[in-house]
Amino acid sequence: MTTLGTANAAPGEMDTGRLSVGEARDGSEVGLPVAVLNGARDGKTLYIQAVSDGDELNGLGVLQRLVPQLEPADIAGEIRIVGIVNHYGFQVAEHRNPIDDTKLNRTYPGDATGTSSERIAAATFEAASDADLILDLHQGSTSRMLNETRVRCGSRHRLHRDCLELAKVFDCGYILDQKGPDGQLARAAPDEGIPTIDPELGGAVGWDDESIQKGVKGVFNVLHHYGFLAGSVESRPQTRATGFEQYGSPAGGLTKFAVDLGDEVSRGDTLFEVTDPFGTVKAEVTADSEGIFWRRRRLPQVATGEYVCSVGTDIDRF
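Throughout what follows, the structure given in this document is the object of discussion. Given the structure is predicted, the values throughout are model-derived calculations rather than measurements.

By way of backbone hydrogen bonds, the strands of a sheet pair with one another, either parallel or antiparallel. What the four strands build is an open sheet, ordered E16-E15-E13-E18; its pairing is antiparallel. Bordering the open sheet on either side are strand E16 (281-286) and strand E18 (301-302), each of which pairs with just one other strand. Where strand E13 (residues 253-257) meets E18, two bridges bridge the pair, whose relative direction is antiparallel. Bridge pairing in E18 links Gly253 to Val302.

Spelled out as structure tokens, the structure:
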């Protein structure tokens, strides 16, 4: 029997339920939506979660399309899913958990007696703690960005190669291979011996269909490659960046980009201009290093010093 919260599934069965993470301000129980698929045959355990940042919905879109296509009778092993991790942020379409004003994906492995975010992290980390693989589905919040997979354990970690392999199998086409901040699930879980990646599925307000489709394909790649489903996939080389440069605006105004996402840039190439409301150029920003144009803000208006875009650097093929 596979159990996650109130969901229970015998071999060859699927069930959905709720994982309790505390009580809301009115005293009602808060439960995260969960699903378990218990395969008809023995195999590995895959843990998947989405929406640990409350406004990042593409991962939920992946699960909404993925789960109806899965038949437990065809699966070897177990798949455990938490569909919406940041319950409070999701309810109000905010990135952070408004109960404690915390970015939830900075609180892993959590604390069962701590803050709201720490308790949610503890409950979901426990659900993932004996998995063989973890997928933590994200997106670029409201920024526009490449579909990428992030390896966050750091190049010296004992599971670095395993996490890279998982990222390659997921096949977003781009990998950001850079040690992440403390408290990320993709940092904490490898310390417990579990290869983990966080696919960043584009960026949008609401659904982004192209990124969701890429995420569904990525999960199926993982299911086939690691033996959950019959068949195999051929891993393609990925474009990998191990550095990341961010650019802010030197003036207030409206941004006009000179390059598109995925473009190769060289040192000195113009990335964007800042104009006044009547089109007069106030500033021009050029690349400090060669790399790939990786991420950019969605809205054109900026204040002095405000984030505008990012370039992935130290590029190779993996």
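On to the packing of helix H1 (residues 58-66) against helix H6 (residues 209-225), then. Packing of H1 against H6 leaves a shortest axis separation of 8 Å and a crossing angle of 60°. For the element pair H1 / H6, the angle class is oblique. In the crossing of H1 with H6, the sense of the turn from one axis to the other is right-handed. Residue-level inspection shows Asn58, Gly61, Val62, Arg65 and Leu66 of H1 in contact with H6, the latter providing Asp209, Ser211, Ile212, Gln213, Gly215, Val216, Val219 and Phe220.

Turning to the pairing of strand E4 (residues 29-38), a few remarks are in order. For a regular strand, side chains alternate in direction, first toward one face of the sheet and then toward the other. Most of E4 sits out of view: eight of its ten residues are buried. In terms of strand pairing, strand E3 (residues 13-23) meets E4 through nine bridges, oriented antiparallel. Paired with Glu13 across the bridge in E4 is Asn38.

Let us now look at the packing of aromatic side chains. Within a pair of aromatic rings, the relevant descriptors are the distance that separates the centres and the angle that separates the planes. Summed over all chains, the structure comprises five aromatic pairs. The interplanar angle of 55° and the centroid separation of 5.9 Å between the aromatic rings of Phe257 and Phe293 together place this pair among those described as tilted. Taken together, the positions of Phe257 in strand E13 and Phe293 in strand E17 (residues 291-296) put the pair 36 residues apart, joining distant regions of the chain. Neither Phe257 nor Phe293 differs from the other in exposure class; each is buried.

Residues Glu148 and Arg150 point to one face of strand E9 (residues 148-151) and Thr149 and Val151 to the other, with burial holding for every one of them. Where E9 and strand E11 (residues 196-200) come together, three bridges link them in antiparallel fashion. Across the sheet, the residue bridging to Arg150 is Asp198, located in E11. Bridge count between E9 and strand E10 (residues 174-177): three bridges; the pairing is parallel.

Turning to the environment of Gln139, a few remarks are in order. Summarising the element assignment, Gln139 is placed in the loop between strand E7 (133-137) and strand E8 (144-145). A C-alpha to C-alpha distance of 24 Å links Gln139 and Ala303, two positions 164 residues apart in sequence. For Gln139, the contacting residues outside a window of four places in its chain are Asp55, Glu56, Leu57, Asn58, Met145, Glu200, Leu201, Gly202, Gly203, Ala204 and Gly206. Looking at Gln139, its side chain comes within polar contact range of the main-chain nitrogen of Leu57, at 3.0 Å.

Along helix H4 (residues 160-170), eight of the eleven residues are buried, which leaves the element largely enclosed by surrounding structure. Taken together, the buried positions of H4 are occupied by His160, Cys163, Leu164, Leu166, Ala167, Lys168, Val169 and Phe170. Asp171, located one to two residues past H4, shows a positive phi value of around 65°.

Here the amide bond leading from Tyr108 into Pro109 is cis, since omega sits at 10°, within 30 degrees of zero. Mapped onto the fold, Pro109 is located in the loop between helix H2 (87-91) and helix H3 (116-128). Positive phi is not limited to glycine here, since Val51 has a value of about 60°. In this fold, Val51 is placed in the loop between strand E5 (41-50) and H1. You can call Val51 buried: its relative accessible area is 0%. Not every positive phi belongs to a glycine, and Asp314 is a case in point at roughly 55°. Looking at the element boundaries, Asp314 is found in strand E19 (residues 307-317).

So, about the side chain of Asn147. By the secondary structure assignment, Asn147 is in the loop between E8 and E9. According to the relative accessible area criterion, Asn147 is buried, its value standing at 11%. Engagement of the side chain of Asn147 in a polar contact is seen with the backbone nitrogen of Gly202, the distance being 3.0 Å. A polar contact is formed between the side chain of Asn147 and the side chain of Ser211, at a distance of 2.8 Å. Dropping the residues within four chain positions of it, Asn147 is found in contact with Cys172, Tyr174, Glu200, Leu201, Gly202, Ser211 and Lys214.

Rules behind the numbers
- Residues numbered from 1 in each chain as written.
- Predicted model: local features only at pLDDT ≥ 70, side-chain atom pairs only at ≥ 80, totals over all residues.
- Heavy atoms only, no water.
- Pairing = 2+ DSSP bridges.
- Helix = DSSP H or I, 4+ residues; strand = E, 2+ residues; numbered from the N terminus.
- Axes fitted to C-alpha atoms, helices over the stretch in contact; angles between N-to-C directions.
- Parallel < 35°, antiparallel > 145°, perpendicular 65-115°, else oblique.
- Left-handed = near helix turned anticlockwise from the far one by under 90°.
- Contact = heavy atoms within 4.5 Å.
- Buried < 20%, exposed > 50% of the residue type's maximum accessible area, 1.4 Å probe, protein only.
- Phe/Tyr/Trp six-rings, centres within 6.5 Å; stacked < 30°, edge-to-face > 60°.
- Polar contact = N/O pair within 3.5 Å; in protein donor to acceptor, adjacent residues only side chain to side chain.

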